[in-house]
Amino acid sequence: FVDGRYTLQVQDQIDDGLFDPRHVTESPPHEWIAENLEAGAVLGYDSWLHTPDAVDRLRAACDHARAQFRAADGNPVDAIWTDQPARPLAPVQIHDFRHAGRDSKQKRDAVQQEISNLAADAVILTAPESICWLLNIRGGDVPNTPLTLCYAILGGDGGVDLFIDERKLTPEALRAFDGDIRVQSPDRLGPMLDERGTAGHKILLDPKSASSWIFDRLKASGATIVKGDDPCILSKSCKNETELAGTRAAHIRDGAALCRFLAWLAREAPAGRVDELSAVERLYEFRTENDLFQGGSFDT
């Protein structure tokens, strides 16, 4: 299942004797399942890789085909991927107040108020971009995106349990964390969900972004799940004056680099000394000459 950008490319790059390419929006997986799965078949899934909303669609498709939909105990791809690379360990960086315009405590207080308005005891944050915004941190775990991979639980008291590999945390990051940010090992996430459920807590969780595994674990432990939007999304999207000014300044700096590149291209291209890759490299060089440059937003 590939999206519309690759429907032509995929025809040239796969073995059509092994793979049957499908357009992911015109022929999505749940429709294929409903039409093609045999009655009595069992379709497995990795509950870490699907949201509850997606699981509901896929289970309905299996029901239509009179088949079963069952969570797998582990991912079979992981079982055979013997040379799988290690998890990324890019260092966490602090996103300074002069760029953020609001400190983490202000943001946590605002989100905590939203939790209270819903009569929930806590929210589980699974989107790294939300956690990075909330705690004013950045990372390099994801190419071209300044994210650090982690999970977080924000309680009704405004305290945060941050589930992250401690090897990513620089001394600067640890110094910036106040006493309300508690660093936890990632393998503590499951047990702490169990503790919340055993205590009968009401937990806010976004069914469009959180994994089905978290929903299943909370339900099994006795928690009450309040389905709702990630409370960081709207606040993160509404930029403050500092962020707006920073965006404008970044465009001006990048525009200057682009103008220098276009001038270079006008001089060099007529002589036939420029191809696409050398042009990409030269533009990147112009951008890196700016001290505030952090990296590209995509691979050109």
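Residues numbered from 1 in each chain as written. Predicted model: local features only at pLDDT ≥ 70, side-chain atom pairs only at ≥ 80, totals over all residues. Heavy atoms only, no water.

Novice: Quick question: what am I supposed to make of the state of the cysteines here?
Specialist: Here a disulfide denotes one covalent bond, and it connects the sulfur atoms of two cysteines. Overall, the coordinates contain zero disulfides when judged by the stated rule. In this structure cysteine 132 is not part of a disulfide, and its nearest cysteine sulfur, from cysteine 150, lies 5.5 Å away. Cysteine 238 takes part in no disulfide bond, and the closest cysteine sulfur to it belongs to cysteine 232, at a distance of 13 Å. Judged by its relative accessible area of 51%, cysteine 238 is exposed. (Disulfide = S-S within 2.5 Å. Buried < 20%, exposed > 50% of the residue type's maximum accessible area, 1.4 Å probe, protein only.)

Novice: How should the packing of helix α6 (residues 104–117) against helix α7 (residues 128–135) be read in this particular structure?
Specialist: Angle between the axes and distance between the axes are the two parameters that describe a pair of packed helices. The N-to-C vectors of α6 and α7 enclose an angle of 120°; their axes lie 7 Å apart at closest approach. Here α6 is positioned oblique relative to α7, judged by the angle of their axes. Residues Ser104, Lys107, Arg108 and Val111 of α6 touch α7, and the partners they reach there are Trp133, Leu134 and Leu135. Looking at the contact of α6 with α7, its residues break down into four nonpolar, one polar and two charged. (Axes fitted to C-alpha atoms, helices over the stretch in contact; angles between N-to-C directions. Helix = DSSP H or I, 4+ residues; strand = E, 2+ residues; numbered from the N terminus. Parallel < 35°, antiparallel > 145°, perpendicular 65-115°, else oblique. Contact = heavy atoms within 4.5 Å. Nonpolar A, V, L, I, M, F, W, Y, C, P; charged D, E, K, R; others polar.)

Novice: Looking at this structure, how should I read the side chain of serine 27?
Specialist: Of note, serine 27 is situated in the loop between α1 (9–13) and α2 (29–36). You can call serine 27 buried: its relative accessible area is 17%. Residues contacting serine 27, with those up to four places away along its chain left out, are Phe1 and Arg22.

Novice: What is the right way to read the environment of lysine 107 from this model?
Specialist: Here lysine 107 shows up in helix α6. For lysine 107 and aspartate 180, which are 73 residues apart along the polypeptide, the C-alpha to C-alpha distance reads 13 Å. Residues in contact with lysine 107, not counting those within four places in the same chain, are Ala100, Arg102, Trp133, Leu134 and Asn136.

Novice: What exactly am I supposed to notice about empty space enclosed by the protein here?
Specialist: Leftover empty space is mapped by rolling, across the atoms, a probe with the size of a water molecule. All chains considered together, the criterion is met by one cavity of 30 Å³ or more. Of the pockets and cavities examined, the largest cavity occupies roughly 60 Å³. Lining the largest cavity are 14 residues, with Ile124, Leu125, Asp206, Ser209 and Asp230 sitting closest to its centre. Contributing elements (two or more residues each) for the lining of the largest cavity: β4 (122–125) and β9 (202–205). Counting residues per element, the lining of the largest cavity draws most heavily on β4, at three residues. Its residues placed into classes, the lining of the largest cavity shows eight nonpolar, three polar and three charged. (1 Å grid on protein atoms, 1.4 Å probe; cavity = no way out; pocket = protein on both sides within 12 Å on 5 of 7 lines; lining within 4 Å. Points joined across faces, edges and corners; volume = space filled by probe spheres on them.)

Novice: I'm lost on the packing of aromatic side chains in this one. Help?
Specialist: In this description, a pair of aromatic rings is defined by centroid distance and the angle of the planes. Going through the model one piece at a time under the given rule, you end up with five aromatic pairs. Measuring from ring centre to ring centre gives 5.6 Å for tyrosine 284 and phenylalanine 293, while their planes differ by 80°; the resulting arrangement is edge-to-face. Feature note: the residues Trp48, Tyr151 and Trp213 constitute an aromatic cluster, connected by ring pairs. (Phe/Tyr/Trp six-rings, centres within 6.5 Å; stacked < 30°, edge-to-face > 60°.)

Novice: Where do I start with the nonpolar core in this structure?
Specialist: Side chains of nonpolar character tend, in soluble globular proteins, to be buried together. Counting 26 residues, the largest nonpolar core has Val111, Leu125, Ile131, Leu134, Leu135, Leu154 and Leu162 as the members making the most contacts within it. Residue assignment for this core shows that the elements contributing at least two residues are α6, β4, α7, β6 (151–155) and β7 (160–163). Of the residues forming this core, the biggest block, five residues, is contributed by α7. The contacts of isoleucine 131, once residues within four sequence positions are left out, are Leu125, Ile137, Cys150, Tyr151, Ala152 and Leu162. If you look at the next biggest cluster of nonpolar residues, it comprises 16 residues, including Ala122, Leu189, Ala210 and Ala223. (Core = buried A, V, L, I, M, F, W, Y, C linked by side-chain atoms within 4.5 Å.)

Novice: In this structure, what is going on with the sheet that holds strand β10 (residues 224–227)? I would like to understand it.
Specialist: Two strands in a sheet stick together by hydrogen bonds in their backbones, pointing the same way (parallel) or opposite ways (antiparallel). Strand order across the open sheet formed by six strands is β8-β7-β6-β4-β9-β10, with mixed pairing between neighbours. Every other strand in the sheet has two partners, leaving β8 (181–184) and β10 as the edge strands with one partner each. Averaged over all pairs of adjacent strands, the angle between strand axes in this sheet comes to 25°, irrespective of strand direction. The sheet contact formed by β4 and β6 spans four bridges and is antiparallel. Paired with valine 123 across the two strands is leucine 154, which belongs to β6. Lying over the sheet, α6 contacts β4, β6, β7 and β8, oriented at roughly 70° with respect to β6. (Pairing = 2+ DSSP bridges.)

Novice: Teacher, can you tell me more about the layout of surface pockets here?
Specialist: In this structure, the largest pocket occupies an estimated 2000 Å³ of space. Around the largest pocket sit 50 residues that line it, and Pro146, Ala250, Leu292, Gln294 and Gly295 are the ones nearest its centre. Among the residues forming the lining of the largest pocket, the class breakdown is 19 nonpolar, 18 polar and 13 charged. Approximately 1200 Å³ is the volume attributed to the second largest pocket. Around the second largest pocket, the lining is made up of 35 residues, and of these Trp48, Leu49, Arg87, Leu149 and Tyr151 lie nearest the centre. Mapped by element, the contributors of at least two residues to the lining of the second largest pocket are α4 (76–80), α9 (189–198) and α10 (212–221). A total of three residues in the lining of the second largest pocket trace back to one element, the largest contributor, which is α9. Here the lining of the second largest pocket is composed, by residue class, of 20 nonpolar, eight polar and seven charged.

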